[in-house]
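Breakdown of the fold
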Amino acid sequence: MSNIRVRFAPSPTGALHIGGVRTALYNYLFAKKHGGTFVLRIEDTDQGRYVPGAEDYILESLAWCGIMPDEGQGIGGKFAPYRQSERKDIYQKYALELVANGNAYYAFDTPEELDAKRQAEAAAGNHNFKYDTVSRKVMKTSLSLPADEVQRRLGAGEDYVIRLKMPENETITFTDLIRGEVSFHTSELDDKVLMKSDGMPTYHLANIVDDHLMEITHVIRGEEWLPSTGHHVLLYRAFGWAATMPDFSHLPLILKPDGKGKLSKRDGAKFGMPVFPLGWDAETEEDSFRGFREFGFLPQAVINFLAFLGWNPGTEQEIFSLAELCEAFSIEKISKSGARFDYDKAKWYNQQYLHTADDAELATLVRPLSEAKGYHVSDKYLAQVCHLMKGRATFLPDLVEQASYLFGDVQTFDNEVVAKRWKPESRPVFEALADHLKAQPAFVAAPLEEAVKAFMTDRGLKPGEVMPILRLSLAGTMQGPGVYEMMELLGNERTIDRLAKAFDYFDAHLA
Ligand code: GLU
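For every chain, the first residue of its written sequence is number 1, and the numbers climb from 1 along that sequence. Local features in this predicted model are restricted to residues whose pLDDT is 70 or higher, and side-chain atom pairs enter the listing and the counts only when it is 80 or higher, whereas totals over whole chains, interfaces and linings include all residues. Only hydrogens and water are set aside when side-chain values are computed; all heavy atoms of the structure are taken into account.

Here a strand is any run of E in DSSP of at least two residues, a helix any run of H or I of at least four, and the numbering for each starts at the N terminus. Looking only at helices and strands, one finds 21 helices and 12 strands in the protein chain. The globule rule is 2.2 Å times the number of residues to the power 0.38, and the radius of gyration it is compared with is taken over C-alpha atoms. The globule rule puts the C-alpha radius of gyration for 511 residues at 24 Å, and the 32 Å found for the protein chain is more than 25% above it. Reported as C-alpha extents along the three principal axes, the dimensions of the protein chain are approximately 110 × 50 × 35 Å. Counting only contacts in the protein chain whose residues sit at least 6 apart along the sequence, the fraction spanning at least 24 positions is 72%. In what follows, a contact means two residues having at least one pair of non-hydrogen atoms within 4.5 Å.

Below you can see the structure in the form of structure tokens.
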């Protein structure tokens, strides 16, 4: 095990967006590539936004994708607890340490006073009021009030927040492993609240304290956190932890399928595609949705698709198993520009993975679906159906839904094809063919093919005169698996029976 430690630190504010899964995946790949540790930390200090079930959803999603953390919430480890709401006391101590060393201060303004100040500023033309190096001088803080007044307020149990004291007139620079050098001027940055009046830390404080205590070496997260990183760098400095500050990598945005703007939750319904890994049952139908899993994606396909949303190996290879991704992954190959969420590509990946998936595994996955449809067949038979269908399927349910004729009788025939191919004189020919097939010693695809070919040669028939009728008789449609494979699966008796029934139907529908 190397010293490399990364973390995925979601807030349980709802279902985990597919962008969050990509962040988790990149952290996982980086950890595995370097023999490091992948940690899961739940950042639930914003109690107002807490959504029950969200934490379970996160763990279930990671498990479904096959990218389970090595350490963290739900797993355990030496830095437990990994849920920030259970670490409250830790943050209090660190916030006070920053007040004591002059890098943070108490601010006593009530929410009403802050509102009034904001409005007054707006009336004077400043619509962007923020607590910063300038405004803090006139606010009620431990920097501006006399020391005894501060003590009196604290002693009286008045509400306060603790804010970061932004240094004046400085440029803060750090190196992002994806974006290179990034700078912020402290005049652009506000004096962020570190500790709220309810004694809970804000994201900024808890995140930095925990990354430090949990010995995180690399922070890999979404681009939306880039603007906060100036504050984070300053916090490391204020605590005296600059020497062990993690390296930062900010991942590119995931864009809508049309490339116009950031992919959002609403795009799922708009484009009829999943934007979450798993389904979510909310009280209202409007807030409920199906995920990649319910659409019938294989997790391996989703992982492969997500890996390429913002990264590529620099070669032509597109199909990568998780193990191959771990091997090939590097932060240098992550792009800076937004990655378009190309749903057609996701479907393409799923086709590729279905095509090469193990038949028995597919059968296990589609078993609930086949049962629900009333198709009670053996494991072996279901695996054989999967084998025949998987080359043509886009989604898992296709294996069953498009194969009704492999489970029961043909329900409907494509009448257009019937009208085109079945002639008044066809019947005796096809009856002879059926007899020929029935007499075959082995009902196996290759010899059956030989038998049909021999029959055609004998009678001077072309494949176009024979094969469509056979296919139609067995499947009702011109789509589907190979004719001989279907015969083998159905077996002698069912095949012959099906042919006889189809010929009757065709005769009855003669044009
Ligand atoms: N809790 C933050 C989130 O929900 C974590 C951001 C970070 O990785 O620092 O995305």
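As a further point, take the layout of surface pockets. Put simply, the largest pocket is a space of about 1,200 Å³. Elements with a minimum of two residues in the lining of the largest pocket: β1 (5–8), α1 (18–33), α6 (203–213) and β9 (218–222). The dominant element in the lining of the largest pocket, judged by the number of residues it contributes, is α1, at 4 residues. Note on residue categories: nonpolar means Ala, Val, Leu, Ile, Met, Phe, Trp, Tyr, Cys or Pro, charged means Asp, Glu, Lys or Arg, and polar means any other residue, Gly included. Residue composition of the lining of the largest pocket, by class: 18 nonpolar, 14 polar and 12 charged. Buriedness for pockets is judged along seven lines, at least five of which must meet protein on both sides within 12 Å for an open set on the 1 Å grid over protein atoms alone, while cavities are sets there where a 1.4 Å probe fits but cannot get out, and lining residues have an atom within 4 Å of a point. Grid points are joined across faces, edges and corners, and a volume is the space filled by probe spheres set on the points. Approximately 360 Å³ is the volume attributed to the second largest pocket.

What follows is about the pairing of strand β5 (residues 161–164). Note on exposure labels: buried denotes an accessible area under 20% of the residue type's maximum, exposed denotes more than 50%, and partly exposed covers the range between, all computed with a 1.4 Å probe on protein chains only. Alternating positions in β5 separate into two faces, Val 161 and Arg 163 on one and Ile 162 and Leu 164 on the other, with burial throughout. Pairing between strand β4 (residues 104–107) and β5: 4 bridges, direction antiparallel. Looking at the pairing, Ala 107 lines up with Val 161 of β5. Between any two strands, at least two bridges found by DSSP are needed for them to pair. The pairing of β5 with strand β8 (residues 193–195) spans 2 bridges and is antiparallel.

Looking now at the sheet that holds β4. Ordered in space as β4-β5-β8, the 3 strands form an open sheet in which the pairing is antiparallel. Each edge of the sheet is formed by a strand with only one pairing partner; in this case those strands are β4 and β8. Taking the axes of each pair of neighbouring strands and ignoring which way they run, one obtains an average angle of 45° across the sheet. Only the stretch in contact is used when fitting a helix axis, every axis being a line fitted to C-alpha atoms; angles between N-to-C directions are given from 0 to 180 degrees. Packing of helix α3 (residues 88–100) onto the sheet brings it into contact with β4, β5 and β8, and relative to β4 it is tilted by some 100°.

Proximity is defined per residue: any heavy atom of the residue falling within 4 Å of a molecule or strand makes that residue near it. Around the ligand lies a shell formed by Arg 7, Ala 9, Pro 10, Ser 11, Glu 43, Tyr 203, Asn 207, Arg 221 and Trp 225. Polar contacts here mean pairs of N or O atoms no more than 3.5 Å apart (in protein, one a potential hydrogen donor and the other a potential acceptor; neighbouring residues in sequence count only if both atoms are side-chain atoms). For the ligand, an oxygen atom lies 2.7 Å from a polar atom in the side chain of Arg 7. For the ligand, an oxygen atom lies 3.3 Å from a polar atom in the side chain of Trp 225. Summarising the interface, the protein chains cover 85% of the accessible area of the ligand, which totals 300 Å² for the free molecule. To qualify as sitting in a cavity or pocket, a molecule needs more than half of its atoms within 2 Å of the grid points. In a pocket analysis with a 2 Å cut-off to the grid points, the ligand is assigned to the largest pocket. Reported accessibility uses the Shrake-Rupley method at a 1.4 Å probe radius. Residues are deemed covered only where the shown protein chains occlude them.

This part is about the packing of α1 against helix α10 (residues 299–307). Contact pair α1 / α10: the axes reach a minimum separation of 10 Å and the direction vectors enclose 85°. Taken together, the axes of α1 and α10 are roughly perpendicular relative to one another. For the pair α1 and α10, the contacting residues are Ile 18, Val 21, Arg 22, Leu 25 and Tyr 26 in the first and Val 302, Ile 303, Leu 306 and Ala 307 in the second. For the contact of α1 with α10, the class distribution of residues is 8 nonpolar, no polar and 1 charged. Small angles under 35 degrees read as roughly parallel and large ones over 145 as roughly antiparallel, with 65 to 115 read as roughly perpendicular and the rest as oblique.

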